[in-house]
Amino acid sequence: MSIAEFSIRNRLIAAIVILGSLLGGWIAYEKMPRFEDPEFTIRTVEVFTQYPGATPEEVANEVSEVLESEFQQMQEVEEVRSVSTDGLSRLSIDIKFDFSPNKDSLQLIYTKIRNRARDAARQLPPGASDPIVNDDFADVYGLYYVLTSDGFSPREMHEYAKNLRRALLTVDGVGKVSIQGALNEAIYIEFSQEQIAAAGTSVDQIFNQLSKHSSVAAAGEASLDGRRLTIQLPPTTETITALENTIVSVGNDGRVLRLRDMASVTRGYQDPPQQLMRYNGLPALGIGVSAVSGENIVRVGGLVNARLAEMESERPIGLELETYYDQAGIVDLSVKDFAVNVAMALAIVLVTLGIFMGIGPAVVIGGVLVLTIAATLTVMYLWGVPMHRISLGALIIALGMLVDNAIVVTEGILIGVKAGKKKLDVAIDIVAKTKWPLLGGTIVGIIAFAPIGFAPGATAEFTGDLFWVIFISLSFSWIFAITAVPLFADILFKESKGEVEVKPEGVFMRGYKAFMVVVLRLKYLVLAGAVGAFVLAVMGFAYVIPGFFPASTSPQIVVDYRLPEGADIQQTDADIQVIEDFVGGLENVSDVHALVGSGTLRFMLVYAPESANAAYGQLLIKVSEYEAIDHLIPEIQTWLDQNMPDSQAKVWRFQLGPGGGSKIEAEFHGPDPKVLHELAAEATAIMAANPDAISVKTDWYNPVPVIEPVINEVRARRLGITREDIANAINISFSGRTMGTFRDGDTLIPIIQRAPERERRGIDSMGSIQIASQVTGATVPLDQLVDGYRTIWRDAMEIRVNRVPVITAQSDPASGVLAGDLQKALQADIEAIELPAGYSMKWSGEFGDSAEANEDLASTIPVGFVAMVLTVVLLFNAIRQPVLIFLTMPLSIIGVVIGLLVMGVPMEFMAILGVLSLSGLLIKNAIVLVDQMDLEIGEGMPRFDAVVDSAASRVRPVMMGSLTTVLGVLPLLGDAFFKSMAVVLIFGLSFATLLTLIVVPVLYVIFFRIKATERA
């Protein structure tokens, strides 16, 4: 019994399968995890190591070098990038994809890195801290709130935020809650030199007593009557008053004083602050909530918002909690839009089929389409493929493709029934004839998407679910085409009674056959025309704009603002406030989130927070209408260029997909930073000369001035004063020196010693700073210990990649300029820069990211191509048929080039995926044509007539399959992420299908040497 006969005769079993699929699809739709983007894994871990007082060069050579050497020995590590600044080493370690295909394997590697860091810590110089490994900086806090204050202190804001965090962590599905932007508190103890001298003691002695006074220490246990009793000292009272009243022994005569008698004690905030944050001009804190991995963000978002609503009555008046980014709402809206798009695409397909095939066939194919989607959702849910931008887009792309198999089978059954045959007989016959060619075509279609699913690298991982959704849906489309279609046709189609009148061929069919006869007679001329069109398309490809991923449709604008390196954070903040005032007054701007000193939490996958830097500021701007971004970006950029001439500012919008950083980046590698500076200067000069380039800089930024007291070592030693004594005294007079820790509940607050304000007189009075001798106890002014002062200029940082110094020349395209166009304009001149021996240059930025992604994709294309060839060869058990089928593949380029040029769409990564999938669709169509030709010739029809008749008999299913695919992806033209792929499929498939219906018969006639005389 054939599969078609089984489906028709066992309707109960078929009904159970159908209802099970529909029910499973509905349950999956309701329960599937929902995300904005795929759970893309950022395979990078950061390692921070402090080395107070060290220059960037000392940090690089004594700390970064040690850690880099340790981590480079790991086979799992792909690249180690170090940034060495004053007193801080920051390493970014990229993990190889092959060793970390999933998060579980990545956690094992993170553990190895921690172990390596502990081992390397023993080799670090004295004064360097233990390395801190941060492996969660890539966490995405999709629910991002801003707590604003009107009249509350930063401490009170932070306490309320911590209460919120405790409450939200109890919500089901919440993984982490993080607070950003809180001002760090400090306890300042200010001693004057006169008070210390009068007390007859030293600061170090005082702080030594303070630390012991407040320390937590075990007092032991005692035995009493067979029981063990704990002896516990009462806890110290940790208040400012208690600290002021701490009794300190001074001198050698047993005298004691209270701390307040020698110093003033105040509780405040660290100065300068590390980060400042505002929202619409009010002081603010950022609160980010991330869901547990795999959780439905829509459900978690609903629970979080419900908990916040419950707590609203407890919030003090004057504190407001604003929602800046609600991933749950965005995902919920995108899923609803998906449902609308599916309904639109389904309606378009059904109407099209109804017009060209009739109501009955349209209902059959529509029913199979709904069944296929339901079964696909069920397997996606069971397989762990969630709903997100990629999987939803893949389902829409698949909609049109899913009906191809059903159209072929429905068409065959319909023709047979109209010819007077029994429904069961014709269903069995059609399925038997078409199931293997359709399976071959389906496999080829799946394999065309396989490079996306199996390619290594970050970009392919981001888009990988596209393949799995296509694989699942196309597989079901074939299964239901040979099972459900015969069943539905048997139910809906009516058999003809009595003799069936043979209707003459329609005008279209007669015209098409006559056209094909002419085409086949002029076969070489037609083939030459196709080749000529292909050559023109290849030439036209030079005018296609290159790209990587499109801009996001999120209604946000980002302003990156940077003053010259070394700027005070207060100056950066003052500038940001001016920009805030201007931007806040613009039409269509609804909210302005100001960040000074660093970025905020990663609230979107594509948002990469900037590392801490006092010279950096950022504005996150929400607009009321997405369309307003197009005119707001140039308006803001022009204002910044005119009013902030001493800064580098870039106004941009978020990008979909992997990437980030400057769009144009030229990396120079080599041993000598001085030479690298010269090479980078040449590159930045070329960039600056182009009016389309903005934000031209290098990632080492500008040199910074440093004041160096020239210590007279002989004189200092004679007085018993060390370099550390001098450094500590200068530090106390300006920044302050951390001497201990103050415990306030669960908060540890640093105790900082600094000179009274009257002694902090500025840089001009540095020479009068008193240095205490640890030997004699006497104090000496700094002027007596130095031979003078000098100002030097040095790099603010040193960047190395795999232990080789690297300087990157960076720029971005001006508003309205595509990165691909700017890359083309700059590339030749920058590549012409003469490089000394031992130095190299490579492109990163968008060009480099795109090249890397394409390289990863290309690594799997040969395997996919071989698999397609073998599939077609096995299907036909011959060579000539597969050769002529694969010769039709280049025809797709003709429509692709026309579409990209006409629509003005760049050749983005998704467009490349579209070209790959297009090749599979064309091969599938060609298989159907060639198989029918072989079948009719095998049945004894004259070969020329068989070619013409086969082309005519397959023109409707091929055209319908292509038309439904084209119409099905039409809704994606409005989706920024899938637009380039949609253009490729619409134009490429439209042109290629028309050419395939002509070129395949021509190639068949040529390959098999069929003459026009071979007719009945």
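Conventions we followed
Residues numbered from 1 in each chain as written. Predicted model: local features only at pLDDT ≥ 70, side-chain atom pairs only at ≥ 80, totals over all residues. Heavy atoms only, no water. Axes fitted to C-alpha atoms, helices over the stretch in contact; angles between N-to-C directions. Helix = DSSP H or I, 4+ residues; strand = E, 2+ residues; numbered from the N terminus. Parallel < 35°, antiparallel > 145°, perpendicular 65-115°, else oblique. Left-handed = near helix turned anticlockwise from the far one by under 90°. Contact = heavy atoms within 4.5 Å. 1 Å grid on protein atoms, 1.4 Å probe; cavity = no way out; pocket = protein on both sides within 12 Å on 5 of 7 lines; lining within 4 Å. Points joined across faces, edges and corners; volume = space filled by probe spheres on them. Nonpolar A, V, L, I, M, F, W, Y, C, P; charged D, E, K, R; others polar. Phe/Tyr/Trp six-rings, centres within 6.5 Å; stacked < 30°, edge-to-face > 60°. Buried < 20%, exposed > 50% of the residue type's maximum accessible area, 1.4 Å probe, protein only. Lys NZ or Arg CZ within 6 Å of the ring centre and 35° of its normal. Patch = residues over 30% accessible without salt bridge, like charges linked within 9 Å, V, L, I, M, F, W, Y side chains within 5 Å. Areas by Shrake-Rupley, 256 points an atom, 1.4 Å probe, with all protein chains shown as cover. Salt bridge = Lys/Arg side-chain N within 4 Å of Asp/Glu carboxyl O. Lys, Arg positive; Asp, Glu negative; His and termini not counted. Charge placed at Lys NZ, Arg CZ, Asp CG, Glu CD. Pairing = 2+ DSSP bridges. Core = buried A, V, L, I, M, F, W, Y, C linked by side-chain atoms within 4.5 Å. Expected span 1.5 Å × (residues − 1).

As named in an unreviewed UniProt entry, the chain is Efflux RND transporter permease subunit, taken from Halocynthiibacter styelae.

*Asks:* Tell me about the packing of helix H17 (residues 507–521) against helix H31 (residues 979–1007), and please be specific about residues and values.
*Replies:* Across the interface, H17 lies against H31 with an axial gap of 10 Å and an inter-helix angle of 50 degrees. By the angle between their directions, the pair H17 and H31 is classed as oblique. Crossing geometry of H17 relative to H31 is assigned as right-handed. Together, Tyr-512, Phe-515, Met-516, Val-519 and Leu-520 of H17 and Leu-997, Ile-998, Pro-1001, Val-1002 and Val-1005 of H31 make up the contact between the two elements.

*Asks:* I'd love a proper account of empty space enclosed by the protein, names of residues and values included.
*Replies:* Scanning the model with the defined rule gives 5 cavities of 30 Å³ or more in all. Roughly 80 Å³ of volume is contained in the largest cavity. Taken together, Asp-404, Asn-405, Val-408, Leu-438, Lys-924, Asn-925, Val-928, Pro-957 and Val-958 make up the lining of the largest cavity. Of the residues assigned to the lining of the largest cavity, the class counts are 5 nonpolar, 2 polar and 2 charged. Approximately 60 Å³ is the volume attributed to the second largest cavity. In this structure, the second largest cavity is lined by Val-408, Lys-433, Thr-434, Pro-437, Leu-438, Val-928, Asp-931, Gln-932 and Arg-954.

*Asks:* I'd like a rundown of the packing of aromatic side chains, residues and numbers included.
*Replies:* Counted by the stated rule, this structure contains 22 aromatic pairs. The interplanar angle of 65 degrees and the centroid separation of 5.6 Å between the aromatic rings of Phe-454 and Trp-468 together place this pair among those described as edge-to-face. With Phe-454 in helix H13 (residues 423–454) and Trp-468 in helix H15 (residues 465–481), this pair connects stretches of sequence that are 14 residues apart. Looking at Trp-468, the relative accessible area reads 24%, which means it is partly exposed. Note that Lys-622 overlies the ring of Tyr-324, its terminal NZ or CZ placed 5.3 Å from the centroid. The lysine or arginine in question, Arg-754, covers the ring of Tyr-188, its NZ or CZ lying 3.7 Å from the ring centre.

*Asks:* Let's hear about a negative patch on the surface: which residues, and what values?
*Replies:* A surface patch of negative charge is lined by Glu-78, Asp-98, Glu-852 and Glu-855. Here Asp-98 is to be found in the loop between strand E3 (88–95) and helix H4 (103–121).

*Asks:* Quick rundown of the side chain of Arg-90? Include the residues and the values.
*Replies:* Among the structural elements, Arg-90 can be located in strand E3. Once residues lying within four places of it in the same chain are set aside, the contact partners of Arg-90 are Glu-46, Val-47, Phe-48, Arg-81, Ser-82, Val-83 and Ser-611.

*Asks:* Give me the sheet that holds strand E12 (residues 263–269): which residues, what numbers.
*Replies:* Read from one edge of the open sheet, 4 strands run E12-E7-E24-E23, paired in mixed fashion. For this open sheet the edge positions go to E12 and strand E23 (737–744), each flanked by a neighbour on one side alone. Here the average twist between neighbouring strands, direction ignored, is 25 degrees. With 7 bridges connecting them, strand E7 (residues 185–191) and E12 associate as antiparallel partners. Bridge pairing links Ala-186 to Gly-268 in E12. Along the sheet face, helix H5 (residues 154–168) touches E7, E12, E23 and strand E24 (747–754) and points at about 50 degrees away from the line of E12.

*Asks:* So what about the nonpolar core? Which residues, and what values?
*Replies:* Ile-397, Ile-413 and Leu-466 are the most contacted members of the largest nonpolar core, which has 158 residues in total. Of the residues forming this core, the biggest block, 18 residues, is contributed by helix H12 (residues 389–418). Other than its neighbours up to four places away in sequence, Ile-397 contacts Leu-466, Ile-470, Val-969, Leu-972, Phe-978, Met-981 and Leu-985. By size, the runner-up hydrophobic cluster in this structure holds 29 residues, among which are Leu-276, Tyr-561, Ile-569 and Leu-619.

*Asks:* Before we move on, could you go through the pattern of salt bridges and cite the residues and values that matter?
*Replies:* One pass over the structure, following the stated rule, counts 34 salt bridges. Residues Glu-580 and Arg-278 are paired through a salt bridge, measuring 2.6 Å at the closest nitrogen-oxygen approach. Of this pair, Glu-580 sits in helix H19 (residues 569–584) while Arg-278 sits in strand E13 (residues 276–279), and the two are 302 residues apart along the sequence. Accessibility assignment for this pair places Glu-580 and Arg-278 in one class, buried. Salt bridges sharing common partners tie together Glu-65, Glu-68, Arg-800 and Arg-803.

*Asks:* For a nonpolar patch on the surface, give the residues involved together with the corresponding values.
*Replies:* Together, Met-1, Ile-3, Phe-6, Ile-13 and Val-17 make up an exposed nonpolar region whose accessible area comes to about 470 Å². Broken down by secondary-structure element, the contributors of at least two residues to the nonpolar patch are helix H1 (3–9) and helix H2 (11–31). Among the secondary structure elements, Met-1 is positioned in the segment before H1.

*Asks:* Any chance you could break down the pairing of strand E1 (residues 44–50) for me, citing the residues and the numbers?
*Replies:* Burial within E1 is extensive, with 5 of its 7 residues counted as buried. The sheet contact formed by E1 and E3 spans 7 bridges and is antiparallel. In the sheet register, Val-45 faces E3, and the bridge partner there is Ile-93. Note that E1 and strand E4 (residues 132–134) share 3 bridges and pair antiparallel. Note on E4: the bridge partner recorded for Val-47 is Val-133.

*Asks:* Could you give an account of the packing of helix H29 (residues 909–938) against helix H30 (residues 943–968), naming the residues involved and the relevant values?
*Replies:* With their axes 8 Å apart at the nearest point, H29 and H30 run at an angle of 150 degrees to one another. In this view, H29 runs roughly antiparallel relative to H30, as classed from their interaxial angle. As for the relative orientation of H29 and H30, their crossing is right-handed in sense. Here Leu-921, Asn-925, Val-928, Leu-929, Gln-932, Met-933, Glu-936 and Ile-937 of H29 lie close against H30, whose contacting residues are Arg-943, Ala-946, Val-947, Asp-949, Ser-950, Ala-951, Ser-953, Arg-954, Val-958, Ser-962 and Thr-965. In terms of residue class, the contact of H29 with H30 is built from 9 nonpolar, 6 polar and 4 charged.

*Asks:* Give a description of the environment of Leu-782 that names residues and reports values.
*Replies:* With respect to the secondary-structure elements, Leu-782 resides in the loop between strand E26 (779–781) and strand E27 (786–794). Take Leu-782: its relative accessible area is 0%, and that puts it in the buried class. Along the chain, Leu-782 and Ile-726 lie 56 residues apart, while their C-alpha atoms are 7.7 Å from each other. With near-sequence residues (within four places) excluded, Leu-782 lies in contact with Ile-726, Ile-730, Met-766, Gly-767, Ile-769, Ile-771 and Tyr-789.

*Asks:* Can you tell me about the side chain of Glu-46, naming the residues and giving the values?
*Replies:* Here Glu-46 is to be found in strand E1. Buried charged residue Glu-46 carries no salt bridge. Nearest counter-charge: Arg-90, at 4.4 Å. Every residue in contact with Glu-46, bar those within four places of it in the chain, is listed here: Arg-90, Leu-91, Ser-92, Ile-132, Val-133, Asn-134 and Phe-137.

*Asks:* Give a detailed account of helix H28 (residues 892–903), specifying residues and quantitative values.
*Replies:* In a regular helix each residue adds 1.5 Å, so 12 residues correspond to 16 Å; H28 covers 17 Å between its end C-alpha atoms and thus fits that length. Of all the residues in H28, the buried ones are Ser-892, Ile-894, Gly-895, Val-896, Val-897, Gly-899 and Leu-900. Taken together, the buried residues of H28 touch helix H18 (523–540), H29 and H31. Just downstream of H28, Gly-904 is the residue with a positive phi angle, here 65 degrees.

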